[in-house]
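# A closer look at the structure
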Amino acid sequence: MAQVKVKGMSCGHCTASVTQALEALDGVTNVNVTLETGIAQYDEEKPVDPQTVKDAITKVGFEVEE
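All figures in this text were calculated on a predicted structure; none of them were measured in a lab.

Conventions and cut-offs
Residues numbered from 1 in each chain as written. Predicted model: local features only at pLDDT ≥ 70, side-chain atom pairs only at ≥ 80, totals over all residues. Heavy atoms only, no water. Pairing = 2+ DSSP bridges. Helix = DSSP H or I, 4+ residues; strand = E, 2+ residues; numbered from the N terminus. Salt bridge = Lys/Arg side-chain N within 4 Å of Asp/Glu carboxyl O. Buried < 20%, exposed > 50% of the residue type's maximum accessible area, 1.4 Å probe, protein only. Contact = heavy atoms within 4.5 Å. Axes fitted to C-alpha atoms, helices over the stretch in contact; angles between N-to-C directions.

With that settled, consider the pairing of strand 3 (residues 39-44). As defined by bridge partners, strand 1 (residues 2-7) adjoins strand 3 across 4 bridges and the pair is classed as antiparallel. Bridge pairing in strand 3 links Val 4 to Ala 40. Looking at chain direction, strand 2 (residues 28-34) and strand 3 are connected through 5 bridges and run antiparallel. Bridge pairing in strand 3 places Val 28 opposite Glu 44. Hairpin connection from strand 2 to strand 3: 4 residues lie between these consecutive antiparallel strands, with Gly 38 at a positive phi of about 75°.

Take a look at the structure:
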């Protein structure tokens, strides 16, 4: 399971936005975003470019911690 650290989430709406953004990516499944840790975990049905994941999260208003 792949994971990224998301910065800037403060509520359930934030986690829902990140979840929807990741679920919309081709090849990403089983998304689980935890508000308390800021960790977004997901499975990859096929290789997904980390930059694509970062871009999707950034597009909905959050940052990916590197």
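Under the definition given, this model contains 2 salt bridges. In this structure, the salt-bridge partner of Lys 7 is Glu 63, at a minimum N-O distance of 3.9 Å. Here the residue Lys 7 occupies a position in strand 1, and Glu 63 occupies one in strand 4 (residues 63-65), the gap between them amounting to 56 residues. Here Lys 7 falls in the partly exposed class, since its relative accessible area comes to 38%.

Within the fold, Ser 17 resides in helix 1 (residues 12-23). Beyond its immediate chain neighbours, meaning those up to four positions away, Ser 17 contacts Val 60 and Phe 62.

Pairing in this open sheet of 4 strands is antiparallel, and the strands run 2-3-1-4 from one edge to the other. Sheet topology places strand 2 and strand 4 at the edges, where each strand pairs with a single neighbour. In this sheet, adjacent strand axes meet at a mean angle of 35° when their direction is disregarded. Helix-sheet contacts for helix 1 involve strand 1, strand 2 and strand 3, and the interaxial angle to strand 2 is about 165°. Sheet contacts for helix 2 (residues 50-59): strand 1, strand 3 and strand 4; angle to strand 1, the most-contacted strand, approximately 30°.

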